Amino acid sequence: MPVLLPTDILFLLMLLGLAALVAYTLRQEHLRRPWRSVIRSRSAMISLVILLVYLLIALLDSIRIPVSSNAHVNSTSAPIGEPVTLLDFGLGRIRDAQEKTYSAPLAVVAHAREMIRQADGREAWTYPRLQFGGRHLANPEQEHASDLIRRIALGLGAGIAGWALLTGFLALVLTRRRSDPMDFLRSAWRGETDLPWRAVLLALLLISLLAGVLVALCQAYHVFGTGKVGEDVLYQSLKSIRTGVLIGTLTTVATLPLALVLGILAGYYRGWVDDVIQYLYTTLNSVPGVLLIAAAMLVMQSYMARHEAEFASLATRADFRLLALCLILGMTSWTGLCRLLRAETLKLRELEYVQAARVLGVSQGMILFRHILPNLFHLVLISVALDFSSLVLAEAVLSYVNIGVDPTTESWGNMINGARLEMAREPVVWWSLASAFIFMFALVLPANLFADAVRDAFDPRRAE
Amino acid sequence: MTFAASTMETTASSPLLSVTDLRVAFRQGQDWVPAVAGVSFEVPKGGSFALVGESGSGKSVTALSVMRLLPQNGQLQGGRVSLNGTDVFSLAERDMSSIRGGKIGIVFQDPMTSLNPVLTIGRQIGETLVLHRGLKGAALRRRAMELLDQVGLPDPARHLDEYPHQLSGGMRQRAMIALALAGEPELLIADEPTTALDMTLQAQILELLRRLRKETGMALWLITHDFGTVAEVADRIAVMRAGVLVETSGPEFFDGPQHPYSRELLNAIPRLEACLQRESPVEAESAPAQAPPLLDVRDFRVYYPIRKGIFQRTVDQVRAVDGVSFQLERGETLALVGESGCGKTTLGKALLNLVPATSGEVRLDGVKITGQMGGARHEAQAGLQIVFQDPYSSMNPRMVVGNILEEGLRAQRLRTTPAERREKVEALLLAVGLPVSARGRYPHEFSGGQRQRLCIARALAVEPRLVICDEPTSALDVSVQAQVIRLLRELQDRHGLSYLFITHDLAVVSELADRVAVMHSGRIVETGKTRQVLFNPENDYTRRLLAALPKLHKSARTHF
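If you're wondering where the values come from, they're calculated on a predicted model, not measured in any experiment. (Residues numbered from 1 in each chain as written. Chains lettered and ligands numbered in written order. Predicted model: local features only at pLDDT ≥ 70, side-chain atom pairs only at ≥ 80, totals over all residues. Heavy atoms only, no water.)

**A closer look at the interface of chain B and chain A**
Here is step 1: Taken together, the contact pairs 27 residues of chain B with 20 residues of chain A.
Here is step 2: Summed over both partners, the interface of chain B with chain A comes to about 2200 Å²; 54% of that surface belongs to carbon and sulfur atoms.
Here is step 3: The largest share of the area that chain B buries against chain A comes from Leu354, Arg398 and Glu407 of chain B, three residues that together contribute 29% of it.
Here is step 4: Applying the counting rule to chain B against chain A returns one salt bridge. (Contact = heavy atoms within 4.5 Å. Buried area = accessible area lost by both parts, 1.4 Å probe. Salt bridge = Lys/Arg side-chain N within 4 Å of Asp/Glu carboxyl O.)

What follows is the structure, encoded as structure tokens:
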């Protein structure tokens with residue numbers, strides 16, 4: 001039986017909603033048209049592939065199974081009885097591979113020297129061997145490099161094999177009714193297909209090569225090193241994906257109803273409704289966002305302290321705090337979109353088709369729903385796409401000032417926060433920061449590129 | 001006579017501008033769509049040339065390519081343009097900028113967007129003077145003032161320091177012309193210079209262009225869709241269609257154009273005499289006097305408050321409609337004529353409660369509809385519908401035509417089952433001359449005229465008794481305009497509709513209206529039978545409007 005935390009449920013519901021939206025879009029010609037121009041763009045398609053990979057990881061990390069049914073995981077890092085996610089299950093090996101403290105990426109020995117009693121009884125001031133990283137090597141000095149090369153080669157091979165399987169599968173699915181899959185692959189290779197399939201396949205190749213190498217290496221090494229208490233940094237970064245994606249998406253979902261309802265009401269009814277809503281968002285806008293978030297998080301923490309019984313386990317507490325952060329971020333970031341929607345509604349309500357509907361006696365609710373809302377949709381889409389990446393970054397900033405997610409939640413913000421001290425060490429511990437940076441960058445850059453493509457396709461000022 | 005002959009000779013030997021086999025195409029997706037497909041013509045020194053065509057015929061693109069100002073997705077695909085013997089297309093870009101403004105001046109259609117809103121008129125004219133004439137200081141100001149004076153702007157010293165938004169539409173167009181003249185060009189291109197202006201202003205601007213040509217000796221190249229303006233100004237006329245010139249001729253053009261397309265266009269122009277040939281149905285039948293009129297408007301007023309200060313106190317009011325009374329009988333068409341800003345559109349919207357009315361009484365079929373609120377009002381005015389001016393913004397771009405036409409049926413619960421609604425929608429489409437298959441298509445797939453047909457169908461869906469037509473033809477090309485007018489007349493005969501036809505165009509009025517009400521600054525200044533108002537006006541303002549009408553609309557000069 002899967003165990004679901006509130007954020008898991010919301011995330012899954014959101015994915016379902018997204019799927020429903022996609023299905024609806026496919027049936028509406030006027031919605032399909034701009035999307036066609038989005039998916040014809042090479043950079044947008046590559047970005048989409050990367051974003052889908054991230055989404056998939058986040059999804060795997062949101063489906064929890066109770067630990068008792070799983071003999072594999074009897075680790076020290078998670079308290080007994082806490083359910084683990086499918087991702088944890090898959091990453092069992094590196095999740096359990098604990099070291100004592102820092103170790104560099106792919107290292108076989110620790111980052112710092114220690115007094116070690118050797119086999120012959122003498123004590124030496126040297127780098128101790130790691131418990132997991134390169135344990136199988138008898139003589140690391142000679143075997144390390146060749147072992148790495150062997151594993152990388154193996155990983156590349158596995159990556160190519162996996163990609164070939166995936167490509168074959170894709171070709172079969174895409175040409176199921178029409179033509180020969182080989183023809184499709186040939187024209188894709190020559191770049192003759194309508195959609196940029198060649199770019200997609202190349203992106204997939206790159207991703208599978210990367211994944212192959214990572215999997216091959218992480219069987220015996222800490223690919224991104226280990227952190228302060230010896231946890232694997234790659235595992236941390238992978239777990240952070242869910243936090244980042246969740247904050248990016250759930251927050252957006254939290255802002256939408258407020259921004260839509262208030263923006264449309266203010267723009268359509270004007271008068272005192274407009275005054276009240278404008279007053280509300282100008283006031284909210286004039287309070288520094290960080291202050292508001294810090295205050296709300298403190299209130300939330302004191303609430304959790306008073307209702308300790310309801311937040312018994314570490315996981316529920318961390319989850320509640322994540323959810324609260326999403327909602328609070330949502331509450332403070334709806335004003336921009338609301339303002340935009342209000343202005344657009346002000347313009348739309350004077351348009352002749354809205355007036356014609358009024359003359360025909362169409363009810364106000366119907367006018368809002370059928371005439372105003374669909375014509376605001378492009379604005380919502382553009383701003384959601386653009387906001388996503390800034391929210392992912394906002395999480396990092398907030399965790400850095402300690403008002404972000406729970407310290408026990410893996411997040412890029414927490415990793416960067418931890419790196420504050422690591423950067424001051426000598427020799428410097430750079431891999432936590434680097435790893436968080438790489439993973440975040442690989443999410444935010446495609447998100448931005450995709451958002452640009454969406455804006456180009458939907459923004460009426462850029463049309464044609 | 002000898003003088004005329006000699007000028008003819010010199011112009012023939014060396015034209016000011018000669019365009020040979022010009023070809024321009026626009027990129028649409030992967031393809032190049034030709035916009036200008038081999039156009040050749042000449043503009044003699046000091047001559048005037050008119051390029052006439054309907055929208056999309058490529059006339060503006062021709063002008064832009066001569067100026068080398070084609071938009072990003074446009075491409076010159078061939079041809080030669082020479083100005084005073086120099087090949088324009090072989091010039092470097094920096095030499096080109098001395099030609100633009102210096103040798104060729106251009107005036108665009110919309111004076112609102114072609115002047116920079118954050119610079120004073122004087123600064124903008126000064127810019128050109130510095131660039132092309134090298135003037136400075138007091139001399140610059142004096143010349144700018146002279147120019148404004150030349151284009152007939154009263155009190156030029158004051159307007160020099162004003163911003164574009166402080167000028168009215170007509171004054172702005174004059175300032176725009178002064179700006180074009182500042183470089184003392186040899187050729188002035190006027191791209192639809194009067195289309196955005198009111199009738200009386202149109203006449204003034206045309207008169208101004210004619211005078212300026214005489215005074216400065218520059219050549220004038222007029223681009224327009226309106227034969228009326230052409231007849232007033234041009235010596236040579238070329239008719240353009242789908243990127244090619246179908247006919248080029250002299251002023252004898254109006255006595256009998258050669259090409260069937262030109263003839264068709266000229267025939268489509270509405271003429272004042274049209275009303276003389278028609279029998280008004282109301283006149284013929286003379287309805288029984290005791291029945292109340294279909295629409296009875298008494299002392300109707302719409303005031304807009306002007307609010308000032310932090311408390312938004314009402315300090316004054318704009319009297320958009322100021323005590324208007326009129327009646328409209330069944331089956332009758334009443335035209336409400338006036339220039340922009342006279343309150344005619346506000347009146348139409350206020351009748352439908354789209355704009356709140358200040359006072360007055362409106363009765364539809366004897367039932368008072370003013371003073372009722374919400375649902376009751378909707379019910380009371382169910383027999384009242386509207387067709388708007390702009391066929392592009394009057395349909396929701398996210399809905400298919402079938403749903404757009406159904407909307408009224410659903411809202412008023414007229415046809416409850418989908419099958420019934422579908423049947424009605426198909427009947428409506430056929431009634432306005434569109435195929436049944438239009439049901440599943442989006443508005444953007446239709447042309448302007450077709451869209452206007454759809455808007456008419458939408459209004460008819462709820463079976464109204466009175467349709468308010470707010471300038472339904474003024475955004476359309478002449479030939480399409482004629483079709484829409486014909487359709488409106490047909491529908492009136494078939495369904496016994498009444499129209500309140502709001503327009504600025506007196507010629508259209510004569511084609512359609514039984515009676516005319518002339519509106520000026522919120523009041524009706526004259527009402528009467530169409531024939532009487534158009535040919536025997538009593539009011540000075542009406543006379544002024546009629547005088548401003550281009551001659552082509554007035555005279556029956558064309559006999560084919």
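That was the structure; now back to the text.
**Quick notes on the sheet that holds strand 1 (residues 17-28) of chain B**
Residues and elements named next belong to chain B.
Here is step 1: The strand order across the open sheet built from four strands is 2-1-4-5, with neighbouring strands paired in antiparallel fashion. This sheet does not close on itself; its edge strands, each paired only once, are strand 2 (31-43) and strand 5 (86-87).
Here is step 2: Relative to strand 4 (residues 74-83), strand 1 runs antiparallel, the two being bridged by eight bridges. Looking across to strand 4, one finds that Ser18 is bridged to Ser82.
Here is step 3: Sheet strands in contact with helix 2 (residues 59-66) are strand 1, strand 2 and strand 4, and its direction is about 110 degrees off that of strand 1. (Pairing = 2+ DSSP bridges. Helix = DSSP H or I, 4+ residues; strand = E, 2+ residues; numbered from the N terminus. Axes fitted to C-alpha atoms, helices over the stretch in contact; angles between N-to-C directions.)

**Overview of helix 6 (residues 140-174) of chain A**
Here is step 1: Taking 1.5 Å as the rise per residue, helix 6 of chain A with 35 residues should run 51 Å; its terminal C-alpha atoms sit 48 Å apart, in good agreement.
Here is step 2: Where the residues of helix 6 of chain A are buried, they touch helix 7 (181-189) and helix 8 (197-218) of chain A. (Expected span 1.5 Å × (residues − 1).)

**Here we look at the pairing of strand 14 (residues 359-364) of chain B**
Residues and elements named next belong to chain B.
Here is step 1: When strand 11 (residues 295-308) meets strand 14, the two strands line up antiparallel, connected through five bridges. When the bridges of strand 14 are listed, Val297 appears paired with Val362.
Here is step 2: Pairing between strand 14 and strand 15 (residues 367-368): two bridges, direction antiparallel. Looking across to strand 15, one finds that Arg363 is bridged to Lys368.

**Details of the pattern of salt bridges**
Residues and elements named next belong to chain B.
Here is step 1: This structure, assessed with the given rule, holds 47 salt bridges over all chains.
Here is step 2: A salt bridge links Glu207 to Arg210; the nearest nitrogen and oxygen atoms lie 2.6 Å apart. Taken together, the residues span about one helical turn, with Glu207 and Arg210 both in helix 9 (residues 199-216) at a distance of three residues.
Here is step 3: Exposure remark for Glu207: the relative accessible area of 39% places this residue in the partly exposed category.
Here is step 4: You can call Arg210 partly exposed: its relative accessible area is 26%.
Here is step 5: Residues participating in the shared-partner salt-bridge network are Arg133, Arg143, Glu146 and Glu184. (Buried < 20%, exposed > 50% of the residue type's maximum accessible area, 1.4 Å probe, protein only.)

**Quick word on the confidence of the model for chain A**
Residue and element names in this part refer to chain A.
Here is step 1: Averaged over every residue, the pLDDT of chain A is 86; the share at 70 or more is 95%.
Here is step 2: Confidence, read as mean pLDDT per element, is least for helix 5 (residues 92-96) in chain A (78) and greatest for helix 3 (residues 42-60) (93).
Here is step 3: A low-confidence stretch, residues 69-79 (pLDDT under 50), is modelled with 13 contacts involving residues beyond four sequence positions or located in other chains. (pLDDT = per-residue confidence, 0-100.)

**Some remarks on the environment of Pro257 of chain B**
Here is step 1: Within the secondary structure layout, Pro257 of chain B lies in the loop between strand 10 (244-249) and helix 11 (260-268).
Here is step 2: Sequence separation between Pro257 of chain B and Val478 of chain B is 221 residues, and the spatial gap between their C-alpha atoms is 16 Å.

**Some remarks on the pairing of strand 20 (residues 523-529) of chain B**
Residues and elements named next belong to chain B.
Here is step 1: Inspection of the sheet shows strand 19 (residues 515-520) paired to strand 20 by six bridges, in the antiparallel sense. If you follow Met519 over to strand 20, its bridge partner there is Ile524.
Here is step 2: Between the end of strand 19 and the start of strand 20, which pair antiparallel, lie two residues, with Ser521 showing a positive phi angle near 40 degrees.

**A closer look at a nonpolar patch on the surface**
Residues and elements named next belong to chain A.
Here is step 1: Together, Leu4, Ile9, Leu10, Leu13 and Leu16 make up a nonpolar patch on the protein surface, roughly 440 Å² of accessible area in all.
Here is step 2: Looking at the secondary structure, you find Ile9 in helix 1 (residues 6-27).
Here is step 3: Classification of Ile9 by relative accessible area gives partly exposed; the value is 39%. (Patch = residues over 30% accessible without salt bridge, like charges linked within 9 Å, V, L, I, M, F, W, Y side chains within 5 Å. Areas by Shrake-Rupley, 256 points an atom, 1.4 Å probe, with all protein chains shown as cover.)

**Some remarks on the domain arrangement of chain A**
Residues and elements named next belong to chain A.
Here is step 1: The domain architecture assigned to chain A consists of domain 1 (97-218) and domain 2 (232-462).
Here is step 2: On a C-alpha basis, the centroid separation for the pair domain 1 and domain 2 is 34 Å.
Here is step 3: Taken residue by residue, the interface counts six residues in domain 1 and eight residues in domain 2.
Here is step 4: Between domain 1 and domain 2, a total of about 700 Å² is buried, with carbon and sulfur atoms accounting for 72% of that surface.
Here is step 5: It is Tyr102, Pro105 and His111 that lose the most area in domain 1 upon contact with domain 2, and together they represent 67% of the buried surface on that side.
Here is step 6: There are three residue pairs in polar contact (both at pLDDT 80 or more) connecting domain 1 and domain 2.
Here is step 7: For the side of domain 1 that touches domain 2, a count of residues per class yields four nonpolar, two polar and no charged. (Domains from an automatic or database assignment. Polar contact = N/O pair within 3.5 Å; in protein donor to acceptor, adjacent residues only side chain to side chain. Nonpolar A, V, L, I, M, F, W, Y, C, P; charged D, E, K, R; others polar.)

**So, the packing of aromatic side chains**
Here is step 1: Applying the stated criterion to the full structure yields 16 aromatic pairs over all chains.
Here is step 2: On the numbers, 5.4 Å between centres and 75 degrees between planes, the contact of Trp35 of chain A with Phe458 of chain A is edge-to-face. Here Phe458 of chain A lies in helix 17 (residues 431-458) and Trp35 of chain A lies in helix 2 (residues 29-40), a separation of 423 residues in the sequence.
Here is step 3: Both rings, one in Phe253 of chain B and one in Phe254 of chain B, keep their centres 5.2 Å apart while their planes meet at 90 degrees; by these two values the pair is edge-to-face. Both residues of the pair, Phe253 of chain B and Phe254 of chain B, count as buried.
Here is step 4: Each member of the aromatic cluster is reached from another via a ring pair, and the members are Trp35, Phe450 and Phe458 of chain A.
Here is step 5: In this arrangement the basic side chain of Arg349 of chain A is found over the ring face of Tyr268 of chain A, its NZ or CZ atom lying 5.4 Å from the centre. (Phe/Tyr/Trp six-rings, centres within 6.5 Å; stacked < 30°, edge-to-face > 60°. Lys NZ or Arg CZ within 6 Å of the ring centre and 35° of its normal.)

**A closer look at the nonpolar core**
Here is step 1: Ranked by size, the top nonpolar core spans 69 residues in total, and within it Ile241 and Trp412 of chain A carry the most contacts.
Here is step 2: Broken down by element, the residue count for this core peaks at twelve residues, all from helix 17 of chain A.
Here is step 3: When residues of this core are assigned to domains, at least three fall in each of domain 1 (97-218) and domain 2 (232-462) of chain A.
Here is step 4: Apart from residues no more than four positions distant in its own chain, Trp412 of chain A is found in contact with Tyr54, Ser237, Ser240, Ile241, Gly244, Val392, Glu395, Ala436, Phe439, Met440 and Leu443 of chain A.
Here is step 5: In terms of nonpolar packing, the next biggest core, distinct from the first, is built from 51 residues, Met395, Ala438, Leu497 and Leu512 of chain B among them. (Core = buried A, V, L, I, M, F, W, Y, C linked by side-chain atoms within 4.5 Å.)

**Remarks on the sheet that holds strand 18 (residues 498-503) of chain B**
Residues and elements named next belong to chain B.
Here is step 1: A sheet is described by the order of its strands in space; here six strands give the open sequence 16-17-18-13-19-20, paired in mixed fashion. Of all strands in the sheet, those with a lone pairing partner are strand 16 (384-387) and strand 20, marking the two edges. Within the sheet, the average angular offset between the axes of one strand and its neighbour, ignoring direction, is 20 degrees.

**Observations concerning the packing of helix 9 (residues 233-269) of chain A against helix 13 (residues 335-349) of chain A**
Residue and element names in this part refer to chain A.
Here is step 1: Taken N-terminus to C-terminus, the directions of helix 9 and helix 13 make an angle of 35 degrees; their axes are 7 Å apart at the nearest point. Viewed along their axes, helix 9 and helix 13 form a crossing whose handedness is right-handed. Facing Leu256, Ala259, Leu260, Leu262, Gly263, Ile264, Ala266, Gly267 and Tyr268 of helix 9, the residues of helix 13 in contact are Leu337, Cys338, Leu341, Arg342, Thr345, Leu346 and Arg349.
Here is step 2: A class-by-class count of the residues in the contact of helix 9 with helix 13 yields eleven nonpolar, three polar and two charged. (Left-handed = near helix turned anticlockwise from the far one by under 90°.)

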